[in-house]
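An overview of the molecular structure
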Amino acid sequence: MTRLHTAAGAALLALLAAAGPAAAQPVEDELVLITPVAKTLTDPALAEFARYAKERWNVTLRASALAAGTPVAYGRIVEWKGRPEADIFWGGESALFDKLAEQKLLAKLDLPKDVVAAVPASIGKPKPIALKDPNDFWIGTVLEPYGLVYHPRLLERLGVPPPKDWDDLLHPKLKGNVAQCAPTRSSSSHATYEVILQRDGDDKGWSWLKRLAGNTGIFTARSRDVPSVVAKGEFAAGFAVPSYMAFEDRLAGFDIKFVAPKTAWITPEPIAVLAGSKHPKAARAFIEFLLSERGQRVAMERGVFPITPKYRVQGKPGSTAEMAVEFTGGVRSYFDVEVNNIYDDDLAQKRYEQVNEKFRKEIETVSGDLKK
(Lines give C-alpha, C1' and ligand atoms only; values in the text may rest on other atoms or scores of the structure.)
Protein backbone atom coordinates (compact mmCIF):
# COMPACT_ATOMS: atom_id res chain seq x y z
CA MET A 1 0.00 0.00 0.00
CA THR A 2 2.85 2.37 0.88
CA ARG A 3 4.50 1.62 -2.46
CA LEU A 4 1.18 2.37 -4.23
CA HIS A 5 0.85 5.71 -2.44
CA THR A 6 4.45 6.53 -3.28
CA ALA A 7 3.90 5.66 -6.94
CA ALA A 8 0.71 7.73 -7.11
CA GLY A 9 2.45 10.68 -5.51
CA ALA A 10 5.32 10.44 -7.96
CA ALA A 11 2.89 10.33 -10.87
CA LEU A 12 1.10 13.44 -9.61
CA LEU A 13 4.38 15.32 -9.25
CA ALA A 14 5.34 14.28 -12.76
CA LEU A 15 2.05 15.62 -14.14
CA LEU A 16 2.49 18.95 -12.36
CA ALA A 17 6.04 19.21 -13.65
CA ALA A 18 4.88 18.49 -17.19
CA ALA A 19 2.22 21.21 -16.91
CA GLY A 20 4.98 23.69 -16.10
CA PRO A 21 4.93 26.83 -13.95
CA ALA A 22 2.17 28.41 -16.05
CA ALA A 23 -0.36 25.92 -14.65
CA ALA A 24 0.21 27.13 -11.11
CA GLN A 25 0.85 30.78 -12.00
CA PRO A 26 -2.14 33.19 -11.81
CA VAL A 27 -0.77 35.31 -14.69
CA GLU A 28 2.05 34.84 -17.17
CA ASP A 29 5.22 36.90 -16.82
CA GLU A 30 4.90 38.69 -20.17
CA LEU A 31 2.38 40.94 -21.92
CA VAL A 32 2.50 42.54 -25.38
CA LEU A 33 0.10 45.15 -26.74
CA ILE A 34 -0.46 46.32 -30.29
CA THR A 35 -1.97 49.77 -30.12
CA PRO A 36 -2.44 53.21 -31.67
CA VAL A 37 -2.73 54.67 -28.16
CA ALA A 38 0.13 57.05 -27.38
CA LYS A 39 3.11 55.97 -25.30
CA THR A 40 2.18 58.74 -22.89
CA LEU A 41 -0.71 56.51 -21.78
CA THR A 42 0.49 52.97 -22.59
CA ASP A 43 3.87 53.30 -20.86
CA PRO A 44 2.55 54.44 -17.45
CA ALA A 45 -0.38 51.99 -17.64
CA LEU A 46 1.94 49.04 -18.31
CA ALA A 47 4.41 50.17 -15.65
CA GLU A 48 1.69 50.45 -13.03
CA PHE A 49 0.25 47.06 -14.02
CA ALA A 50 3.71 45.51 -13.65
CA ARG A 51 3.89 46.92 -10.12
CA TYR A 52 0.40 45.58 -9.43
CA ALA A 53 1.36 42.11 -10.70
CA LYS A 54 4.36 42.07 -8.38
CA GLU A 55 2.29 43.18 -5.40
CA ARG A 56 -0.62 40.82 -5.96
CA TRP A 57 0.95 37.69 -7.44
CA ASN A 58 4.69 38.23 -6.91
CA VAL A 59 5.14 37.95 -10.68
CA THR A 60 7.88 39.97 -12.36
CA LEU A 61 6.07 41.02 -15.51
CA ARG A 62 7.74 42.12 -18.75
CA ALA A 63 5.33 44.40 -20.58
CA SER A 64 5.75 46.09 -23.95
CA ALA A 65 3.72 47.76 -26.69
CA LEU A 66 3.93 47.60 -30.48
CA ALA A 67 2.98 51.10 -31.63
CA ALA A 68 0.86 51.11 -34.79
CA GLY A 69 -1.89 53.29 -36.22
CA THR A 70 -5.30 51.67 -36.01
CA PRO A 71 -5.55 50.64 -39.70
CA VAL A 72 -2.01 49.20 -39.58
CA ALA A 73 -2.66 47.36 -36.31
CA TYR A 74 -5.88 45.90 -37.69
CA GLY A 75 -4.07 44.74 -40.83
CA ARG A 76 -1.32 43.03 -38.84
CA ILE A 77 -3.82 41.18 -36.65
CA VAL A 78 -5.59 39.90 -39.77
CA GLU A 79 -2.25 38.83 -41.27
CA TRP A 80 -1.32 36.92 -38.10
CA LYS A 81 -4.34 34.65 -38.74
CA GLY A 82 -4.85 33.61 -35.13
CA ARG A 83 -1.14 33.26 -34.31
CA PRO A 84 -0.59 36.81 -33.00
CA GLU A 85 2.67 38.41 -31.99
CA ALA A 86 0.75 40.43 -29.39
CA ASP A 87 -1.79 39.59 -26.69
CA ILE A 88 -3.99 42.68 -26.70
CA PHE A 89 -5.38 45.14 -29.25
CA TRP A 90 -6.06 48.48 -27.57
CA GLY A 91 -7.56 51.64 -29.09
CA GLY A 92 -9.26 52.81 -32.27
CA GLU A 93 -12.74 52.48 -33.67
CA SER A 94 -14.96 49.81 -32.14
CA ALA A 95 -16.26 48.70 -35.55
CA LEU A 96 -12.80 47.31 -36.38
CA PHE A 97 -13.00 45.21 -33.22
CA ASP A 98 -16.38 43.90 -34.39
CA LYS A 99 -14.79 42.95 -37.72
CA LEU A 100 -12.00 41.07 -35.94
CA ALA A 101 -14.55 39.23 -33.81
CA GLU A 102 -16.44 38.20 -36.96
CA GLN A 103 -13.18 36.71 -38.28
CA LYS A 104 -12.72 34.83 -34.97
CA LEU A 105 -9.54 36.77 -34.25
CA LEU A 106 -10.65 37.94 -30.78
CA ALA A 107 -11.14 35.85 -27.66
CA LYS A 108 -14.02 36.26 -25.21
CA LEU A 109 -13.09 38.61 -22.39
CA ASP A 110 -14.65 36.61 -19.53
CA LEU A 111 -14.19 39.49 -17.08
CA PRO A 112 -15.90 39.51 -13.65
CA LYS A 113 -19.56 40.50 -13.99
CA ASP A 114 -19.26 43.47 -11.65
CA VAL A 115 -16.37 44.89 -13.70
CA VAL A 116 -18.39 44.71 -16.93
CA ALA A 117 -21.57 46.01 -15.26
CA ALA A 118 -19.75 49.15 -14.06
CA VAL A 119 -19.26 50.26 -17.69
CA PRO A 120 -22.53 51.64 -19.16
CA ALA A 121 -23.77 50.19 -22.43
CA SER A 122 -23.52 53.55 -24.22
CA ILE A 123 -23.23 57.32 -23.93
CA GLY A 124 -24.55 60.18 -26.04
CA LYS A 125 -27.61 61.19 -28.11
CA PRO A 126 -29.14 61.10 -30.69
CA LYS A 127 -26.80 58.28 -31.77
CA PRO A 128 -25.58 56.39 -28.69
CA ILE A 129 -21.87 55.48 -28.65
CA ALA A 130 -21.40 51.86 -27.59
CA LEU A 131 -19.01 51.52 -24.65
CA LYS A 132 -18.86 47.72 -24.61
CA ASP A 133 -19.62 44.76 -26.85
CA PRO A 134 -22.81 42.87 -25.94
CA ASN A 135 -21.08 39.74 -27.29
CA ASP A 136 -18.19 40.19 -24.81
CA PHE A 137 -15.30 40.50 -27.30
CA TRP A 138 -14.26 44.07 -26.38
CA ILE A 139 -14.86 46.71 -23.75
CA GLY A 140 -14.09 50.43 -23.52
CA THR A 141 -11.25 51.63 -21.29
CA VAL A 142 -11.46 55.46 -21.24
CA LEU A 143 -13.44 58.22 -22.95
CA GLU A 144 -11.40 60.26 -25.39
CA PRO A 145 -12.83 63.18 -27.40
CA TYR A 146 -11.42 63.90 -30.86
CA GLY A 147 -11.25 67.66 -31.18
CA LEU A 148 -9.04 70.64 -31.89
CA VAL A 149 -5.74 71.89 -30.52
CA TYR A 150 -4.51 75.45 -30.95
CA HIS A 151 -1.63 77.78 -30.10
CA PRO A 152 -3.17 80.76 -28.24
CA ARG A 153 -0.37 83.28 -28.83
CA LEU A 154 -0.05 82.48 -32.53
CA LEU A 155 -3.82 82.84 -32.99
CA GLU A 156 -3.66 86.20 -31.23
CA ARG A 157 -0.92 87.39 -33.59
CA LEU A 158 -3.01 86.27 -36.56
CA GLY A 159 -6.07 88.07 -35.21
CA VAL A 160 -8.08 84.84 -34.94
CA PRO A 161 -10.25 84.04 -31.89
CA PRO A 162 -9.73 80.65 -30.16
CA PRO A 163 -11.70 77.94 -32.00
CA LYS A 164 -14.79 76.43 -30.41
CA ASP A 165 -16.21 74.40 -33.28
CA TRP A 166 -15.07 72.75 -36.52
CA ASP A 167 -16.14 75.70 -38.70
CA ASP A 168 -13.71 78.00 -36.91
CA LEU A 169 -10.83 76.33 -38.78
CA LEU A 170 -12.13 77.83 -42.02
CA HIS A 171 -11.27 81.37 -40.87
CA PRO A 172 -9.53 83.08 -43.84
CA LYS A 173 -6.65 84.26 -41.62
CA LEU A 174 -5.78 80.61 -40.92
CA LYS A 175 -4.71 79.99 -44.51
CA GLY A 176 -1.57 77.84 -44.38
CA ASN A 177 -1.77 77.65 -40.58
CA VAL A 178 -3.80 74.46 -40.07
CA ALA A 179 -2.17 71.05 -39.49
CA GLN A 180 -4.03 67.81 -40.04
CA CYS A 181 -3.43 64.10 -40.60
CA ALA A 182 -5.02 62.24 -43.50
CA PRO A 183 -7.65 59.57 -42.68
CA THR A 184 -5.54 56.95 -44.46
CA ARG A 185 -2.99 57.27 -41.64
CA SER A 186 -5.25 57.82 -38.64
CA SER A 187 -8.57 56.34 -37.52
CA SER A 188 -9.12 59.37 -35.27
CA SER A 189 -8.85 61.64 -38.30
CA HIS A 190 -11.15 59.35 -40.26
CA ALA A 191 -13.79 59.45 -37.52
CA THR A 192 -13.68 63.24 -37.37
CA TYR A 193 -13.96 63.63 -41.15
CA GLU A 194 -17.00 61.37 -40.94
CA VAL A 195 -18.51 63.71 -38.34
CA ILE A 196 -18.28 66.53 -40.90
CA LEU A 197 -19.66 64.38 -43.73
CA GLN A 198 -22.54 63.13 -41.61
CA ARG A 199 -23.26 66.58 -40.18
CA ASP A 200 -23.39 68.32 -43.57
CA GLY A 201 -24.20 65.51 -46.01
CA ASP A 202 -21.79 64.28 -48.69
CA ASP A 203 -21.85 67.23 -51.14
CA LYS A 204 -21.58 69.99 -48.55
CA GLY A 205 -19.29 67.87 -46.35
CA TRP A 206 -16.71 67.22 -49.09
CA SER A 207 -16.84 70.91 -50.05
CA TRP A 208 -16.11 71.74 -46.39
CA LEU A 209 -13.13 69.35 -46.28
CA LYS A 210 -11.72 70.88 -49.47
CA ARG A 211 -12.03 74.35 -47.97
CA LEU A 212 -10.17 73.09 -44.91
CA ALA A 213 -7.43 71.72 -47.16
CA GLY A 214 -7.11 75.23 -48.58
CA ASN A 215 -6.19 76.42 -45.09
CA THR A 216 -3.93 73.44 -44.38
CA GLY A 217 -0.18 74.00 -44.30
CA ILE A 218 0.85 70.40 -43.58
CA PHE A 219 -0.46 66.84 -43.68
CA THR A 220 1.50 65.06 -40.95
CA ALA A 221 2.67 61.45 -41.07
CA ARG A 222 0.87 60.61 -37.81
CA SER A 223 -1.98 62.16 -35.85
CA ARG A 224 0.47 62.44 -32.94
CA ASP A 225 2.53 64.90 -35.00
CA VAL A 226 -0.31 67.42 -35.25
CA PRO A 227 -0.15 68.65 -31.63
CA SER A 228 3.65 68.60 -31.83
CA VAL A 229 3.81 71.13 -34.67
CA VAL A 230 1.05 73.24 -33.11
CA ALA A 231 2.75 73.21 -29.70
CA LYS A 232 5.97 74.50 -31.29
CA GLY A 233 4.09 77.37 -32.92
CA GLU A 234 4.79 76.10 -36.45
CA PHE A 235 1.04 76.01 -37.11
CA ALA A 236 -1.83 77.70 -35.32
CA ALA A 237 -4.40 74.91 -35.00
CA GLY A 238 -4.81 71.21 -35.57
CA PHE A 239 -7.65 68.93 -36.52
CA ALA A 240 -8.82 65.56 -35.14
CA VAL A 241 -6.23 65.12 -32.42
CA PRO A 242 -6.77 62.89 -29.36
CA SER A 243 -6.27 65.08 -26.31
CA TYR A 244 -3.88 62.90 -24.30
CA MET A 245 -1.28 63.24 -27.06
CA ALA A 246 -1.61 67.02 -26.99
CA PHE A 247 -1.65 67.02 -23.19
CA GLU A 248 1.87 65.62 -23.17
CA ASP A 249 3.02 68.75 -25.01
CA ARG A 250 1.20 70.88 -22.43
CA LEU A 251 3.00 69.02 -19.63
CA ALA A 252 6.28 69.73 -21.42
CA GLY A 253 5.56 73.45 -21.02
CA PHE A 254 4.31 74.32 -24.51
CA ASP A 255 1.57 76.89 -25.08
CA ILE A 256 -1.17 74.62 -26.43
CA LYS A 257 -4.86 74.19 -25.64
CA PHE A 258 -7.56 71.68 -26.54
CA VAL A 259 -11.27 72.03 -27.24
CA ALA A 260 -13.88 69.41 -28.08
CA PRO A 261 -16.54 70.78 -30.48
CA LYS A 262 -20.15 70.02 -29.58
CA THR A 263 -20.37 67.22 -32.17
CA ALA A 264 -16.94 65.74 -31.39
CA TRP A 265 -16.74 61.98 -31.69
CA ILE A 266 -15.82 60.34 -28.38
CA THR A 267 -14.07 57.01 -28.55
CA PRO A 268 -14.20 54.51 -25.68
CA GLU A 269 -10.71 53.28 -26.71
CA PRO A 270 -11.81 49.62 -26.95
CA ILE A 271 -9.59 46.80 -25.78
CA ALA A 272 -9.64 43.08 -26.61
CA VAL A 273 -7.66 39.89 -26.12
CA LEU A 274 -6.41 38.42 -29.39
CA ALA A 275 -7.37 34.85 -30.19
CA GLY A 276 -4.33 32.63 -29.86
CA SER A 277 -2.66 34.98 -27.37
CA LYS A 278 0.42 33.50 -25.70
CA HIS A 279 -0.37 35.27 -22.44
CA PRO A 280 -4.18 35.25 -22.08
CA LYS A 281 -4.23 35.39 -18.26
CA ALA A 282 -1.98 38.45 -18.14
CA ALA A 283 -4.05 40.04 -20.93
CA ARG A 284 -7.35 39.66 -19.08
CA ALA A 285 -5.76 40.77 -15.81
CA PHE A 286 -4.45 43.92 -17.52
CA ILE A 287 -7.91 44.79 -18.84
CA GLU A 288 -9.47 44.25 -15.41
CA PHE A 289 -6.72 46.43 -13.92
CA LEU A 290 -7.39 49.26 -16.43
CA LEU A 291 -11.04 49.30 -15.38
CA SER A 292 -10.20 49.45 -11.67
CA GLU A 293 -9.88 52.76 -9.84
CA ARG A 294 -6.09 52.40 -9.86
CA GLY A 295 -6.03 51.89 -13.63
CA GLN A 296 -8.51 54.69 -14.30
CA ARG A 297 -6.40 57.07 -12.21
CA VAL A 298 -3.37 56.38 -14.41
CA ALA A 299 -5.43 57.26 -17.48
CA MET A 300 -7.09 60.33 -15.99
CA GLU A 301 -3.72 61.82 -15.11
CA ARG A 302 -2.82 61.61 -18.81
CA GLY A 303 -5.72 63.85 -19.85
CA VAL A 304 -8.42 61.31 -20.70
CA PHE A 305 -11.71 60.62 -18.99
CA PRO A 306 -13.12 57.70 -16.96
CA ILE A 307 -15.20 55.04 -18.70
CA THR A 308 -17.51 54.64 -15.67
CA PRO A 309 -19.77 57.24 -13.99
CA LYS A 310 -18.34 56.55 -10.53
CA TYR A 311 -14.95 58.20 -11.19
CA ARG A 312 -14.04 61.85 -11.80
CA VAL A 313 -10.79 63.48 -12.86
CA GLN A 314 -9.73 64.93 -9.52
CA GLY A 315 -6.44 65.84 -7.87
CA LYS A 316 -4.66 68.22 -5.56
CA PRO A 317 -4.20 71.83 -6.73
CA GLY A 318 -1.38 71.93 -9.25
CA SER A 319 -1.51 68.17 -9.84
CA THR A 320 -1.34 66.56 -13.27
CA ALA A 321 -5.02 65.60 -12.98
CA GLU A 322 -6.06 69.20 -12.32
CA MET A 323 -3.88 70.39 -15.20
CA ALA A 324 -5.77 67.91 -17.41
CA VAL A 325 -9.10 69.37 -16.29
CA GLU A 326 -7.94 72.91 -17.10
CA PHE A 327 -6.48 71.77 -20.44
CA THR A 328 -9.74 70.17 -21.58
CA GLY A 329 -11.98 73.09 -20.62
CA GLY A 330 -13.04 72.09 -17.10
CA VAL A 331 -14.58 68.69 -17.87
CA ARG A 332 -14.14 66.07 -15.16
CA SER A 333 -16.39 63.35 -16.57
CA TYR A 334 -18.33 63.01 -19.80
CA PHE A 335 -21.15 61.48 -17.76
CA ASP A 336 -21.66 64.96 -16.23
CA VAL A 337 -22.18 66.77 -19.54
CA GLU A 338 -24.49 66.42 -22.52
CA VAL A 339 -22.82 64.32 -25.22
CA ASN A 340 -24.22 65.27 -28.62
CA ASN A 341 -23.19 62.46 -30.96
CA ILE A 342 -24.16 62.44 -34.63
CA TYR A 343 -21.53 59.92 -35.77
CA ASP A 344 -22.95 56.70 -37.19
CA ASP A 345 -20.23 54.07 -36.82
CA ASP A 346 -22.00 51.52 -39.04
CA LEU A 347 -22.26 53.99 -41.92
CA ALA A 348 -18.63 55.04 -41.45
CA GLN A 349 -17.36 51.47 -41.61
CA LYS A 350 -19.42 50.57 -44.69
CA ARG A 351 -17.66 53.29 -46.67
CA TYR A 352 -14.33 53.38 -44.82
CA GLU A 353 -12.12 52.67 -47.84
CA GLN A 354 -14.22 54.76 -50.21
CA VAL A 355 -13.87 57.83 -47.99
CA ASN A 356 -10.12 57.28 -47.65
CA GLU A 357 -9.68 56.86 -51.40
CA LYS A 358 -11.75 59.94 -52.23
CA PHE A 359 -9.80 61.98 -49.67
CA ARG A 360 -6.51 60.78 -51.18
CA LYS A 361 -7.54 61.63 -54.75
CA GLU A 362 -9.55 64.81 -54.27
CA ILE A 363 -7.79 66.41 -51.31
CA GLU A 364 -4.45 65.00 -50.22
CA THR A 365 -2.77 64.64 -53.63
CA VAL A 366 -4.09 67.98 -54.92
CA SER A 367 -3.81 70.03 -51.74
CA GLY A 368 -1.48 72.50 -53.50
CA ASP A 369 -4.20 73.32 -56.04
CA LEU A 370 -6.82 73.63 -53.28
CA LYS A 371 -4.66 76.22 -51.51
CA LYS A 372 -4.74 78.31 -54.68
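The structure contained in this document is the topic of the report that follows.

1. Thoughts on the nonpolar core
Within the largest apolar cluster, 87 residues are counted, with the highest numbers of intra-cluster contacts made by L31, I88, W90, F239, F286 and I287. Tallying contributions element by element places helix α12 (residues 280-290) first for this core, with seven residues. Counting residues in hydrophobic clusters, the runner-up holds 19 residues, among them A86, F97, A101 and L106.

2. Brief notes about the packing of aromatic side chains
Under the counting rule described, the total for this entry stands at 16 aromatic pairs. Within the aromatic cluster, the residues linked to one another by ring pairs are F49, Y52, W57, W90, F286 and F289. A cation over a ring is seen here: K108 above F137, with NZ or CZ 4.9 Å from the ring centre.

3. Here's the deal with the pattern of salt bridges
Between side chains of opposite charge, a pair can form as their charged atoms come close. In the structure shown here, the tally under the stated rule is 22 salt bridges. A salt bridge links D200 to R199, with the nearest nitrogen and oxygen atoms 2.8 Å apart. Taking the relative accessible area as the measure of exposure, D200 reaches 19% and is therefore buried. For the salt bridge of E357 with K361, the shortest nitrogen-to-oxygen distance reads 3.8 Å. One end of the pair, E357, and the other, K361, are both in helix α16 (residues 352-364), four residues apart, so they sit about a helical turn from each other. For E357, a relative accessible area of 32% corresponds to the partly exposed category. In this structure K361 comes out as exposed when scored by relative accessible area, which is 56%. A network of salt bridges, in which partner residues are shared, links E48, R51, E55 and R294.

4. Brief notes about helix α4 (residues 70-80)
Within the span of α4, buried status applies to T70, A73, Y74, I77 and W80. Take α4 and look down its axis: the buried residues cluster within an arc of 125 degrees, on one side only. Elements in contact with the buried residues of α4: β1 (30-35), β2 (62-67), β3 (88-90), α5 (94-102), α8 (187-200) and β14 (271-274).

5. Observations regarding the layout of surface pockets
Quantified by volume, the largest pocket comes out at close to 470 Å³. Lining the largest pocket are 25 residues, and of these P36, G69, S223, R224 and M245 lie nearest its centre. Elements with a contribution of two residues or more to the lining of the largest pocket: α3 (39-57), α8 and α11 (243-251). In the lining of the largest pocket, the residues fall into ten nonpolar, ten polar and five charged. In this structure, the second largest pocket occupies an estimated 410 Å³ of space. In terms of lining, the second largest pocket is formed by 24 residues, of which the most central are S94, D98, A130, D345 and D346. For the lining of the second largest pocket, the elements supplying multiple residues, two or more each, are α5, β7 (129-130) and α15 (345-350).

6. Here's the deal with unusual backbone geometry
Following K125, the chain continues to P126 via a peptide bond in cis, the omega torsion being 0 degrees. Within the secondary structure, P126 is located in strand β6 (residues 125-126). Phi at K104 is positive, roughly 60 degrees, even though this residue is not glycine. Inspection of the secondary structure puts K104 in the loop between α5 and β4 (106-107). On the basis of relative accessibility, which here comes to 69%, the residue K104 falls in the exposed class. Phi is positive for D110, which is not a glycine, with a value near 55 degrees. Counting through the fold element by element, D110 comes out in the loop between β4 and α6 (113-117).

7. A few points about the sheet that holds β3
The strand order across the open sheet formed by five strands is β2-β1-β3-β14-β4, and the pairing between neighbours is mixed. The strands lining the two open edges of the sheet, one partner per strand, are β2 and β4.

8. So, the packing of α8 against α16
With their axes 11 Å apart at the nearest point, α8 and α16 run at an angle of 90 degrees to one another. Classified by the angle their axes make, α8 and α16 are roughly perpendicular. Contacts between α8 and α16 involve S187, H190, Y193, E194 and L197 from the former and Y352, V355, N356 and F359 from the latter. When grouped by side-chain class, the residues that make up the contact of α8 with α16 number five nonpolar, three polar and one charged.

9. Section: the pairing of β2
Examined bridge by bridge, β1 and β2 share six bridges and lie parallel to one another. Residue pairing in the sheet places I34 in a bridge with L66 of β2. In this view, the connection linking β1 to its parallel neighbour β2 by way of α3 has right-handed handedness.

Cut-offs applied
Residues numbered from 1 in each chain as written. Predicted model: local features only at pLDDT ≥ 70, side-chain atom pairs only at ≥ 80, totals over all residues. Heavy atoms only, no water. Core = buried A, V, L, I, M, F, W, Y, C linked by side-chain atoms within 4.5 Å. Buried < 20%, exposed > 50% of the residue type's maximum accessible area, 1.4 Å probe, protein only. Helix = DSSP H or I, 4+ residues; strand = E, 2+ residues; numbered from the N terminus. Phe/Tyr/Trp six-rings, centres within 6.5 Å; stacked < 30°, edge-to-face > 60°. Lys NZ or Arg CZ within 6 Å of the ring centre and 35° of its normal. Salt bridge = Lys/Arg side-chain N within 4 Å of Asp/Glu carboxyl O. Arc of directions from axis to C-beta. Contact = heavy atoms within 4.5 Å. 1 Å grid on protein atoms, 1.4 Å probe; cavity = no way out; pocket = protein on both sides within 12 Å on 5 of 7 lines; lining within 4 Å. Points joined across faces, edges and corners; volume = space filled by probe spheres on them. Nonpolar A, V, L, I, M, F, W, Y, C, P; charged D, E, K, R; others polar. Pairing = 2+ DSSP bridges. Axes fitted to C-alpha atoms, helices over the stretch in contact; angles between N-to-C directions. Parallel < 35°, antiparallel > 145°, perpendicular 65-115°, else oblique. Right-handed = clockwise from strand over helix to strand, strands pointing away.

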